Amino acid sequence: MQAFLSEQEILRRDKKAQLESLGINPYPADTYEVTHQTKQIKSEFDANPDAFKAVSIAGRIMSRRVQGSASFVELEDSSGRIQVYLRRDDLCPDEDKTLYNTVFKKLLDIGDIVGIKGYVFKTKLGETTIYAQSLTVLSKSLRPLPIVKEAKDEAGNTKTYDAFTDPEQRYRQRYVDLIVNPKVRDIFVKRSRLMNVMRDYLNEKGYLEVETPILQPIYGGAAARPFKTHHNTLDMTLYLRIANELYLKRLIVGGYDGVYEFSKDFRNEGMSRFHNPEFTQIELYVAYKDYEWMMNLVEEVIEKIALELHGTTIVRVGENDINFKRPWKRFTMYEAIEHFTGIDISEMSEAELRQTAQNLNVPIDDSMGKAKLIDEIFGEKCESQLIQPTFITDYPVEMSPLAKKHRTKEGLVERFEAICNGKEICNAFSELNDPIDQRKRFEEQLELAKRGDDEAMMLDEDYLRALEYGMPPTAGLGIGIDRLSMIMTNSPSIQEVLFFPQMRAEKKIEMATPKDFESIGIASDFMPIFHKIGLHTMPQIAEQKPAALFNEVCRMRKKLKIKTVQPPTEAEVEAWIDKAAKY
């Protein structure tokens, strides 16, 4: 039980007790049959009204207009909202009118979940409405919802008031966000459809969806810092995977022609609008293919996603119209850098690259080798300018320890990234399957780690052993589901497309003690009043307006029948607020 409750929370708990005293279970266990959803009713009623002579729906009360013996409520289910008309004598045909007069009018609130049985009709104003013939309480809400209000201004524009828009509150209390902001629910429906398009596309090609370990003794498959844990029974260090690449390629060694996995990966790195330490990607590996083939697959599947979600290949993202129609523009890594900086770095040494980065005001440090320097130059000077989907191909070998050397270009590997709206959305290789070359690349990564690169890859002996048994030529791909979802839903941050993004621990409110209250001149007898009106801390008191707090304290003193202390003066209340601000 919470130590402090607002007046509304206390009132709702009292209503719950009153429902129970009437023999009504506020949280019944019985199945409630739902025959229709609001979206279906509103879209199909005009064409076939006879099909809606008996409906049973369930949802949350989002507004109420009680008008004596008849009332309207707005009910919200997972598909939308619909108006419900309730008439006392239809809900209560016998002499006992308790269900309407007491249960509905006095004991139900906005946020409560109810079941309604009845039929559909049109009001005089033409609104599709359910005429309620029975009402069942399905869940009593003990916390009031933030009520989003809409009104028309003089110009006829819709204005929104008291919207639940604070990002920290929305992400921390996503359940409330989903209730009061229906557009947020649509984002996650689209995200799910996006993944289903991918899954159906790959299944039709005959590729196998698999699962690989999340806890790994050696992390690999990407350049990233891992989360570390300890397995007590085995007494060994384990890591949350940063990628599932090396395990999926073991399965290609084992004889599968194509495998894919929608995976949760974890990288112990910074957080931003584009980064979350826990993220989702799909990785795909197909035997006997190369990176050119994989580029065509990426174009095809993402074009298909855009069409499925939007009915067009053109998707509005921020201020840009992004067109996913094939074919996409292509640059090599060196071409892109030269295009956007005017500098050809293709023949530069590490020292020359370092000087070039400094000349371009690109942030670098001494731990960075050639690969990191090139990556930083590209990231700072090129990536943000690539708005339309673009493939960046043929990376320097130092940047790609798991990619096959380019068949015709010395010093490069067969790798591409797709960049869109200024951010990478996928990464792919012709996979390195030469175990001798792979060992050498891993050893070079170890040297970078000694120089202080905490994202350098570890040497995985078991993976090398798998390659020594022979892996066929293979194309590999990783697509960031979160980043792609941001683009396809026009969301400005990764937190918008994650149900529960990682956040700092919620700050605990330090509740003021009776001694704290007395120290600023508030008698302890006033404490129940302050708790009833939701003021539990000194900062909360300091934020109050004197006249409003004076009126509220006097009103609540009378309501709670507190006679042990005299009502304060306005001057006393103003002094409380001043002292609380200095506390």
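Residues numbered from 1 in each chain as written. Predicted model: local features only at pLDDT ≥ 70, side-chain atom pairs only at ≥ 80, totals over all residues. Heavy atoms only, no water.

*Asks:* Help me out: how do you make sense of the packing of aromatic side chains in this one?
*Replies:* Aromatic rings considered in pairs are described by the distance between their centres and by the relative angle of their planes. Under the criterion given, the structure shown has 19 aromatic pairs. Across the ring face of Phe104, the terminal group of Arg64 is positioned such that the distance to the ring centre comes to 4.8 Å. Note that Arg415 overlies the ring of Tyr395, its terminal NZ or CZ placed 4.2 Å from the centroid. (Phe/Tyr/Trp six-rings, centres within 6.5 Å; stacked < 30°, edge-to-face > 60°. Lys NZ or Arg CZ within 6 Å of the ring centre and 35° of its normal.)

*Asks:* Can you walk me through the pattern of salt bridges in this structure?
*Replies:* If the charged atoms of two oppositely charged side chains come close together, the side chains can form a pair. With the rule as written, the count across this model stands at 46 salt bridges. Taking the shortest distance from any N to any O, the salt bridge between Arg143 and Glu9 comes out at 3.2 Å. Residue Arg143 is located in the loop between β5 (128-139) and β6 (149-152), and its partner Glu9 is located in helix α1 (residues 7-21); the two are separated by 134 residues in the primary sequence. For Asp109, the salt bridge goes to Lys140, with nearest N and O atoms at 2.4 Å. (Salt bridge = Lys/Arg side-chain N within 4 Å of Asp/Glu carboxyl O. Helix = DSSP H or I, 4+ residues; strand = E, 2+ residues; numbered from the N terminus.)

*Asks:* In this structure, what is going on with unusual backbone geometry? I would like to understand it.
*Replies:* Where the residue is not glycine, phi is negative for most of them; where a peptide bond is considered, it is trans in most cases. That bond from Arg326 to Pro327 is cis: its omega, -5°, falls within 30 degrees of zero. As for its placement among the helices and strands, Pro327 is situated in the loop between β15 (320-323) and β16 (329-332). Phi is positive for Asn361, which is not a glycine, with a value near 60°. The topology assignment puts Asn361 in the loop between α11 (350-359) and α12 (370-381).

*Asks:* What is the right way to look at the pairing of strand β1 (residues 55-67) in this model?
*Replies:* The side chains of a regular strand alternate between the sheet's two faces. Inspection of the sheet shows β1 paired to strand β4 (residues 113-122) by six bridges, in the antiparallel sense. Across the sheet, the residue bridging to Arg60 is Ile113, located in β4. Pairing of β1 with strand β2 (residues 70-77), which is carried by seven bridges, proceeds in the antiparallel orientation. Pairing of Arg64 across the sheet is with Val73, part of β2. (Pairing = 2+ DSSP bridges.)

*Asks:* Please explain the packing of helix α7 (residues 182-204) against helix α9 (residues 291-310) as it appears in this structure.
*Replies:* The angle between the axes and the distance between the axes are what describe a pair of packed helices. As a packed pair, α7 and α9 sit with axes 10 Å apart at the nearest point and diverge in direction by 140°. The angle between α7 and α9 places the two elements in the oblique class. Crossing angle aside, the handedness with which α7 passes α9 is right-handed. Between α7, through Lys190, Arg193, Leu194, Val197, Met198 and Tyr201, and α9, the contact on the second element is made entirely by Leu297, Glu300, Val301, Lys304, Ile305, Glu308, Leu309 and His310. Here the residues of the contact of α7 with α9 are counted per class, giving eight nonpolar, one polar and five charged. (Axes fitted to C-alpha atoms, helices over the stretch in contact; angles between N-to-C directions. Parallel < 35°, antiparallel > 145°, perpendicular 65-115°, else oblique. Left-handed = near helix turned anticlockwise from the far one by under 90°. Contact = heavy atoms within 4.5 Å. Nonpolar A, V, L, I, M, F, W, Y, C, P; charged D, E, K, R; others polar.)

*Asks:* So what exactly am I meant to see when it comes to the environment of Glu127 here?
*Replies:* Tracing the chain through its elements places Glu127 in the loop between β4 and β5. Glu127 sits 203 residues away from Arg330 along the chain, and the two C-alpha atoms are 53 Å apart. In this structure, Glu127 is in contact with Gln83, Phe121 and Lys122, ignoring residues within four places of it in sequence.

*Asks:* Can you help me understand the side chain of Asp112 in this one?
*Replies:* Tracing the chain through its elements places Asp112 in the loop between α4 (98-107) and β4. Residue classification places Asp112 among the buried positions, given a relative accessible area of 0%. Among the polar contacts made by the side chain of Asp112, one reaches the side chain of Lys140 at a distance of 2.9 Å. Leaving out residues up to four positions away in the same chain, Asp112 has contacts with Arg12, Gly59, Arg60, Ile61, Leu107, Ser139, Lys140 and Ser141. (Buried < 20%, exposed > 50% of the residue type's maximum accessible area, 1.4 Å probe, protein only. Polar contact = N/O pair within 3.5 Å; in protein donor to acceptor, adjacent residues only side chain to side chain.)

*Asks:* What's the story with the packing of α7 against helix α15 (residues 481-488) in this structure? I'm lost.
*Replies:* It is at 10 Å that the axes of α7 and α15 come closest, and there the two elements cross at 120°. The orientation of α7 with respect to α15, classified from their angle, is oblique. Note on packing geometry: the crossing formed by α7 with α15 is right-handed. The residues of α15 that touch α7, namely those facing Arg191, Leu194, Met195 and Met198, are Ile481, Asp482, Leu484, Ser485 and Met488. Partitioning the contact of α7 with α15 into residue classes produces six nonpolar, one polar and two charged.

*Asks:* What is the right way to look at α7 in this model?
*Replies:* Counting along an α-helix, one turn takes 3.6 residues, and residues three or four places apart therefore face a common direction. Between its terminal C-alpha atoms α7 stretches 33 Å, which fits the 33 Å expected from 23 residues at 1.5 Å a residue. For α7, the full list of buried residues reads Val184, Ile187, Phe188, Lys190, Arg191, Leu194, Met195, Val197, Met198, Tyr201 and Leu202. Positive backbone phi, at 90°, marks Gly206, one or two positions downstream of α7. (Expected span 1.5 Å × (residues − 1).)

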